[in-house]
Amino acid sequence: MTESRKRRSQFTIGWREWVELPDLGGARLKAKIDTGARTSAVHAWHIEPFERDGQPWVRFELHPKQKNNRDRIACEAPVFDERLIRSSNGQISKRFVIRTRLKLGSRTWPIDLTLSRRDEMGFRMLLGRTALRSRTLIDAAASYLCGDE
């Protein structure tokens, strides 16, 4: 694909956007766009691995609204991978990775998503550079270019 064709297929997003996870109960979350993070992460509680038909799965809860732990979405997904992730404070932890669809504006595509507790973080979800590569341009001065909640 030529460089100009690639640019035409990309769309512009702000530094924070509302996203939807259609495969995870249609959860709508406010996400921070973080090109410093390779992998995307979502705030998940009660992360519990189990087996289904001999394959690794994980069950967890999403709490999609900031500062609200009452609203919960129970989720289950196949485990795509387990990775060692270095957090912004330098700590390394092993996290489950699932592959799920992300909807941003009118577009939907698959992403890898790590499950982690983000209690102290300002956003319930981070969208890392791998999920955005070749699809988006980022306007660091703008927010919610793909629509409000």
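In short, a report on the structure. Predicted, not measured: the structure shown is a model, and the values here were computed from it.

Things to note about the pairing of strand 5 (residues 55-62)
Where a strand is regular, its side chains alternate between the two sheet faces.
So, step 1. Judged from the seven bridges that link them, strand 4 (residues 40-52) and strand 5 form a sheet pairing that is antiparallel. Directly across from Phe-50, in strand 5, lies its bridge partner Trp-57.
So, step 2. Bridge analysis of strand 5 against strand 6 (residues 73-78) gives six bridges, and the strand direction is antiparallel. Pairing of Arg-59 across the sheet is with Glu-76, part of strand 6.

So, the packing of aromatic side chains
So, step 1. Enumeration over the complete set of coordinates arrives at four aromatic pairs.
So, step 2. Judged by centre distance (6.2 Å) and plane angle (75 degrees), the ring pair of Phe-11 and Trp-109 falls under edge-to-face. Within this pair, whereas Phe-11 is found in strand 1 (residues 11-14), its partner Trp-109 is found in strand 9 (residues 107-116), the two being separated by 98 residues in sequence.
So, step 3. A relative accessible area of 12% means that Phe-11 is categorised as buried.
So, step 4. On the accessibility criterion, Trp-109 (4% relative accessible area) is buried.

The rules behind these values
- Residues numbered from 1 in each chain as written.
- Predicted model: local features only at pLDDT ≥ 70, side-chain atom pairs only at ≥ 80, totals over all residues.
- Heavy atoms only, no water.
- Pairing = 2+ DSSP bridges.
- Helix = DSSP H or I, 4+ residues; strand = E, 2+ residues; numbered from the N terminus.
- Phe/Tyr/Trp six-rings, centres within 6.5 Å; stacked < 30°, edge-to-face > 60°.
- Buried < 20%, exposed > 50% of the residue type's maximum accessible area, 1.4 Å probe, protein only.

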